[in-house]
Amino acid sequence: MRGLNRASSSGTPVRARITAVRAVSAFVVPGLRHRLYGIGTLVTRALVGAGLVGVVGGVYVAVGAASGLFLPDVDRIGGLIAALCAGALFQPIRRMLRRHADRLLYGSRGDPVALAAELGSRLQRTDPSDGLVAALEVLREGLSVTGAAVRFPDGRPAETRVGTLEEVARDVRLVWHGEPVGRLLIGPAGARRLPAAHGERVIAALTPYVADAAHAVRLVGALRRSRERIVTAREEERRRLRRDLHDGLGRSLSGMVTSINAARHSLRTSPEAAERMLVELRSGMDGVTGDIRHLVYGLRPPALDELGLGGAVAEMAGPGVVLETRGELSGLPAATEVAAYRIAQEALANARRHSGARTVRVLLERGEGGLSVRVRDDGIGVPAGRRSGAGLASMRERAAELGGSCVITTPPGGGTVVEAVLPVNLNVEI
């Protein structure tokens, strides 16, 4: 009987321990799985804290024991050395323990460092237009959310989405080198084990990569739209030339042929009528010559070939415009000359029509950075909030077609400044 009582009394603590373990497991496991009560963060910090206490304490004891062996007569120096060693190793050990604790609880998929390395590797192997999708896939898998998307500020290009995004749980602003490029939308969490704090670290680690990919997508979209505009403008110019040649010059030449045949038949029977026809034919030839000059001027201003860029701009500007040239303006690519001439022409037209300027200055300067075209007036300037018209847009597009830039600003002193920088070494077909 005593043995039975002794066995039953010894089994009670065992059963109590088993019950306690089951109770803790029933509380901890669902909490880790469903992020209840922030228990995942608590467990992570507990593991890191316990590891820090053990490792730092072990380092302190080991250094203290070593100093006691080698410096038995100087106790204060040994304790100080042990404390300095433990303090110097505190932060690196904490980071290492937190990384290992994250991998122990959540696996390698939840490690921000591992996810960032994987995303960087995928972006290097992916086309820039598909890089944003790859970044969102890695972020969605790392956070174990239902979906993620990037919404661009102007609606172009269209929203890029991975997974399902019926509800937005997080809205993160994406910035690329100080320039807003869109919003990162993150859906609610699915079945996952990652706590909120760990998710914040994943978001912080992957957001810069997502911003880079979003900026690349915007650049690809802008390049595609620019090419579409170039193709459209080229086809419209071809249509205009065809219409002018067919309806204008073609009909004029056909009428002249008819007049020549009629004059030839009337030359013997009615010399007076033939004379009148030849006079009318001569007048018609003057009209045809004007049409040809108009077509040629539409393709390339003849003054550029006759006078060069500086002389052509001076002739086009007329009196009242101060022109200054710097550098050698000869030998420029034909596309650069035409773009510079058209930009200066449009800027001068805007200054005459809208600015009310008394003085207009034009500077053509060729330097190492390319050909600079600067048109400045002392008019009223560009009103704040005014939408760009077709003229301003055409100047920017002409510069962008060559890989240059065109900026229209209103300086503090008033007036308007149009400054375009065009490349002088073109290795592409325009």
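For every chain, the first residue of the written sequence is number 1, and numbering continues from 1 along that sequence. pLDDT decides what is reported in this predicted model: residues at 70 or higher carry local features, side-chain atom pairs at 80 or more are listed and counted, and totals for whole chains, interfaces and linings draw on all residues regardless. Heavy atoms from the whole structure form the basis of all side-chain values; hydrogens and water molecules are not counted.

**Concerning the sheet that holds strand S8 (residues 405-409)**
Across the sheet, which stays open at both edges, the five strands sit in the order S5-S6-S7-S9-S8 with mixed pairing between neighbours. For this open sheet the edge positions go to strand S5 (321-326) and S8, each flanked by a neighbour on one side alone. Along the sheet, successive strands turn relative to each other by an average axial angle of 10 degrees, direction set aside. DSSP-based pairing: two strands are paired if at least 2 bridges between them are found. Secondary structure elements follow DSSP: runs of H or I of four or more residues count as helices, runs of E of two or more count as strands, with numbering from the N terminus. For S5 and strand S6 (residues 360-367), the ladder comprises six bridges, and the chain directions are parallel. Directly across from Val321, in S6, lies its bridge partner Val360. Only heavy atoms enter the contact rule, under which two residues are in contact if any of them lie within 4.5 Å. For helices, the fitted axis covers only the stretch in contact; all axes are lines through C-alpha atoms, and the angles between them, taken along N-to-C directions, range from 0 to 180 degrees. Where helix H10 (residues 334-355) meets the sheet, its contacts fall on S5, S6, strand S7 (370-377) and strand S9 (416-422), and the angle it forms with S7 comes to roughly 10 degrees.

**Some details on the pattern of salt bridges**
A side-chain nitrogen of Lys or Arg and a carboxyl oxygen of Asp or Glu constitute a salt bridge if their distance falls within 4 Å. Per the counting criterion, the structure on display carries ten salt bridges. Measuring nitrogen to oxygen at the nearest pair gives 3.0 Å for the salt bridge that ties Glu137 to Arg122. In this pair, Glu137 sits in helix H6 (residues 131-143) while Arg122 sits in helix H5 (residues 112-125), placing the two residues 15 residues apart along the sequence. On the accessibility criterion, Glu137 (26% relative accessible area) is partly exposed. Partly exposed residues are those whose accessible area sits between 20% and 50% of the maximum for their type, while under 20% is buried and over 50% is exposed, using a 1.4 Å probe and protein chains only. Looking at Arg122, the relative accessible area reads 21%, which means it is partly exposed. Between Asp305 and Arg300 there is a salt bridge whose closest N-O contact spans 3.1 Å. A relative accessible area of 57% means that Asp305 is categorised as exposed. The network of salt bridges with common partners includes Arg151, Glu159 and Arg161.

**So, the pairing of S6**
Crossovers are described as right-handed under a simple rule: with the strands pointing away from the observer, the path leading from the first strand over the helix to the second runs clockwise. Taken together, S5, H10 and S6 constitute a β-α-β crossover, and its handedness is left-handed. Examined bridge by bridge, S6 and S7 share eight bridges and lie antiparallel to one another. Looking at S7, one finds that Arg361 is bridged to Arg376. Joining the antiparallel neighbours S6 and S7 is a turn of two residues.

**Focus: the sheet that holds strand S4 (residues 179-186)**
Judged by pairing direction, the sheet is antiparallel, and its four strands sit side by side in the order S2-S1-S4-S3 without closing on themselves. Of all strands in the sheet, those bounded by a partner on one side alone are strand S2 (160-163) and strand S3 (170-176). Recorded for the sheet is a direction-independent mean angle of 15 degrees between the axes of neighbouring strands. Relative to S4, S3 runs antiparallel, the two being bridged by seven bridges. Counterpart to Val175 in the pairing with S4 is Pro180. Packed onto the sheet, H6 meets strand S1 (147-151), S2 and S4 and runs at close to 35 degrees relative to S2.

**Focus on the packing of H5 against H6**
The interhelical angle for the contact between H5 and H6, taken along N-to-C directions, is 160 degrees, at an axis separation of 10 Å. When the axes of H5 and H6 are compared, the pair comes out roughly antiparallel. Judged by the twist between their axes, the crossing of H5 over H6 is right-handed. Each of Leu115, Glu118, Leu119, Arg122 and Leu123 in H5 lies in contact with H6, whose residues at this interface are Gly131, Ala134, Ala135, Glu137, Val138 and Gly142. Only Asp, Glu, Lys and Arg are considered charged in this grouping, and only Ala, Val, Leu, Ile, Met, Phe, Trp, Tyr, Cys and Pro are considered nonpolar; every other residue, Gly among them, is considered polar. Taken together, the residues of the contact of H5 with H6 sort by class into six nonpolar, two polar and three charged. Between 65 and 115 degrees an angle is taken as roughly perpendicular, under 35 as roughly parallel, over 145 as roughly antiparallel, and anywhere else as oblique. For a crossing to be left-handed, the near helix must be turned anticlockwise from the far one by less than a right angle; the clockwise case is right-handed.

**Regarding the environment of Leu278**
You can see Leu278 is positioned in helix H8 (residues 271-299). Distance in space between the C-alpha atoms of Leu278 and Ala262 is 9.7 Å, their sequence separation being 16 residues.

**Details of the confidence of the model for the protein**
Averaged over every residue, the pLDDT of the protein is 75; residues scoring 70 or more account for 69%. For every residue, the predictor assigns a confidence score, pLDDT, that lies between 0 and 100. pLDDT under 50 marks residues 1-10. Its contacts with residues more than four places away, or in other chains, come to one contact. Contacts from residues 34-38, a stretch scored under 50 in pLDDT, to residues over four places away or in other chains number ten contacts.

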